[in-house]
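Fold and geometry: a report
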Amino acid sequence: MPRIQMRTLLLAALASGVLALNVPIPLVAAPAVPTVSPSLISFSIEMDRWTDWVGTTARNQFFYNTLDNLKQLTGAPPFIRVGANSEDHTNFQQDTTFAQAIFPPPTATVPYPEATNITVGNSYYATTRFLPPNTHVTWGVNLGANNITAAFLQTRSIIKAFASPEFTSAGIVLDYLEIGNEPDLYKNNGLRPSTYTSTQWVQDWISFAKNISATAGLSASSHTKFLGASFAGSSHTTTGFSPQAAFRAGLLESEPGRLISAISQHRYSGSFCTGNGGLLQDLMTKSTIRGNLTVFTPDIAATHAQGLDYILGETNSYSCHGAPGVSNTAGAALWTLDYALFATQLGISSVFFHVGIGFKYSLIQPTVLTRSTLDGSPLSSPLPPHVQPQYYAAIVAAEGLGNTGRAQVQELFVDHPQVAGYGFYEDNHLVRAVLINSKAYLTKANLRTSVHLDLSFSGSGENIPVMMVVKRLAINLATDVSGLTWGGQTYETSDGRVTGSLKVDNIKVTAGVDIMETEAILLEFH
Ligand SMILES: *[C@@H]1O[C@H](CO)[C@@H](O)[C@H](O)[C@H]1NC(C)=O
Ligand SMILES: *[C@@H]1O[C@H](CO)[C@@H](O)[C@H](O)[C@H]1NC(C)=O
Ligand SMILES: *[C@@H]1O[C@H](CO)[C@@H](O)[C@H](O)[C@H]1NC(C)=O
Ligand SMILES: *[C@@H]1O[C@H](CO)[C@@H](O)[C@H](O)[C@H]1NC(C)=O
């Protein structure tokens, strides 16, 4: 090649900001690779506005569609947990129609605060029937108020609903009852004395669970079990609040404790009520995502050692229902995708993203909003139901997992601080891969770099893929709150269903693939 031409090419490569990176991909899953639930990305729903999500006398079709989209991709709908903060402020009155809730006034930092007092009746729990068929549900009952009658009446009503023919014929099942939300915070929020310990919590839990297990008819052979812990934080040791500490205090040796089949913990990456580009980059960064999850390694090991399942039963980016300009953006979608997929590598079986009406970090806004989710100011025109950028992460993960119900996920070794990758395997054979470039592209004034990925395969006796279909999650800026496309298509529609013509590239594997700053791609191998 003439020297001058080579220099031109080199300069062009530099100007385009392309860096080449070799990504080794095993063709066969390693023996310890986890089989991942099709409902990996699931939802935790704030209880106070439950009927806004699901519907009252008829289903909320928008919400239903957003769940059904995922079911169509994986064969199973997301799991639904209803509870959280308002779970410990709920009482029951037989004749209450749906729910009556008292909300504090909105503020600029929390435009949609949780109700402080909710009263629900039988018709409230009965609306669970509007979820897609075969949905697995967790309901929270009140421990915080320390009123066993309230918890007993709630339980009786929940069980009555799930036993009705509309539930049984649709296969809508109660996986778990959760008794109380974040009891480790009771000492701070006034629900218990400031000296409240995990040993006292274990005693409280056992006394409530004795009544509730008898009321609900739970047994070693019943499908419904208890979800244990649901702590906001963890000491990760046998003192303070942690699964380990609760086990040491005898939680699992008690009669109702033997009906716990999974441990749930909650996680937020931090508490920021205002946002900026730096905070968004921090959220998205590969190493901070890993740091926020690997802290649970001892808790997961202690839980698995007891033969129990381990879930993140409530999680999302930042408290205050999300940081404005961060949690509600396209960058947060990439965080969601990497976070949920990385969680599988640690033995976390499902990740329930917390959502609420008007919450900044809600993947879905299932009702009309009249005030801003960012600062509480009145909107000039009502905002119809819509999905937020994070919803695309659920779609991408669902397509990665596919519809066999038994995909295995293995993190790929990608030697780059801002590129993460996962291989998806069916019956041990590589079928797909997801790659994520988490460098936040924040302004059009900057050059948007990309990384060229060359794929190299390992695994003897396997056919090396020749062609691959490349599907892109296209994002303009990391701070965008809408306008994302997935394979050229959009879910930002009035009914939550996908529209637009599918745009994918079918290319030679040997050509490799470019991934831009703030982009995720799905590769399907042939
Ligand atoms: C909560 O609301 C119910 C029904 O409106 C009412 O009876 C009850 O007194 C309230 N409880 C508190 C603690 O405000
Ligand atoms: C549970 O508590 C309620 C309210 O105190 C009581 O009426 C009921 O008999 C209890 N049930 C069991 C099985 O202990
Ligand atoms: C406990 O809940 C029951 C059932 O709703 C209610 O009748 C009772 O007043 C509550 N007790 C207290 C102390 O609030
Ligand atoms: C969790 O993520 C945040 C950024 O979102 C980061 O600031 C923090 O250091 C991370 N925590 C850990 C333990 O890695």
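Keep in mind that this is a model prediction, so the values were computed, not measured.

Conventions and cut-offs
- Residues numbered from 1 in each chain as written.
- Chains lettered and ligands numbered in written order.
- Predicted model: local features only at pLDDT ≥ 70, side-chain atom pairs only at ≥ 80, totals over all residues.
- Heavy atoms only, no water.
- Pairing = 2+ DSSP bridges.
- Helix = DSSP H or I, 4+ residues; strand = E, 2+ residues; numbered from the N terminus.
- Axes fitted to C-alpha atoms, helices over the stretch in contact; angles between N-to-C directions.
- pLDDT = per-residue confidence, 0-100.
- Contact = heavy atoms within 4.5 Å.
- Domains from an automatic or database assignment.
- Buried area = accessible area lost by both parts, 1.4 Å probe.
- Salt bridge = Lys/Arg side-chain N within 4 Å of Asp/Glu carboxyl O.
- Polar contact = N/O pair within 3.5 Å; in protein donor to acceptor, adjacent residues only side chain to side chain.
- UniProt positions renumbered as here; feature names shortened; annotations may be inferred.
- Near = heavy atom within 4 Å.
- Areas by Shrake-Rupley, 256 points an atom, 1.4 Å probe, with all protein chains shown as cover.

Here the focus is the sheet that holds strand 5 (residues 99-102). Reading across from one edge, 4-6-5 is the order of the 3 strands in this open sheet, with mixed pairing throughout. Looking at which strands have only one partner, the edges of the open sheet turn out to be strand 4 (90-92) and strand 5. Between one strand and the next, the sheet's axes are offset by a mean angle of 15 degrees, whatever the strand orientation. Of the strand pairs in this sheet, strand 5 and strand 6 (residues 117-120) are connected by 4 bridges, and their pairing is antiparallel. Bridged to Ile102 within strand 6 is Asn117.

Summary statistics for the chain give a mean pLDDT of 96 and a share of 97% for residues scoring 70 or more. Across residues 1-15, confidence stays below pLDDT 50; counting only partners more than four residues off in sequence or on other chains, it has 4 contacts.

Ordered in space as 2-3-7-8-9-10-11-12, the 8 strands form a closed barrel in which the pairing is parallel. Averaged over all neighbouring strand pairs, the angle between strand axes comes to 25 degrees, with direction disregarded. The strands touched by helix 5 (residues 148-162) are strand 7 (136-141) and strand 8 (173-179); relative to strand 7, the strand with the most contacts, the crossing angle is about 160 degrees.

Once that is clear, we can look at the domain arrangement of the chain. What the domain assignment reports for the chain is domain 1 (3-33 + 406-525) and domain 2 (41-401). Contact with domain 1, which involves 45 residues of that partner, is made by 33 residues of domain 2. In this assembly, domain 1 packs against domain 2 so that about 3,200 Å² is buried in total across both faces, 61% of it on carbon and sulfur atoms. On inspection of domain 1 and its partner domain 2, the count reaches 3 salt bridges. Between Arg497 and Asp68 there is a salt bridge whose closest N-O contact spans 2.9 Å. Counting every contact that joins domain 1 to domain 2 gives 29 residue pairs in polar contact (both at pLDDT 80 or more).

This part takes up the UniProt feature "domain: Beta-glucuronidase C-terminal" (unreviewed entry) in the chain. UniProt marks residues 421-522 with the feature "domain: Beta-glucuronidase C-terminal" (unreviewed entry), using the numbering shown here. Secondary structure content for residues 421-522 is 0% helix and 45% strand, while the C-alpha to C-alpha distance between its ends is 10 Å.

What follows deals with the site of ligand 3. All residues in the neighbourhood of ligand 3 are listed as Asn91, Phe92, Asn147, Thr149, Ala150 and Leu153. Contact between ligand 3 and Asn91: an oxygen atom at 2.6 Å from a side-chain N or O atom of the residue. Between ligand 3 and Phe92, the relevant distance is 3.3 Å, taken from an oxygen atom to a main-chain nitrogen or oxygen of the residue. A total of 360 Å² of accessible area belongs to ligand 3 in isolation, and the protein chains cover 38% of it.

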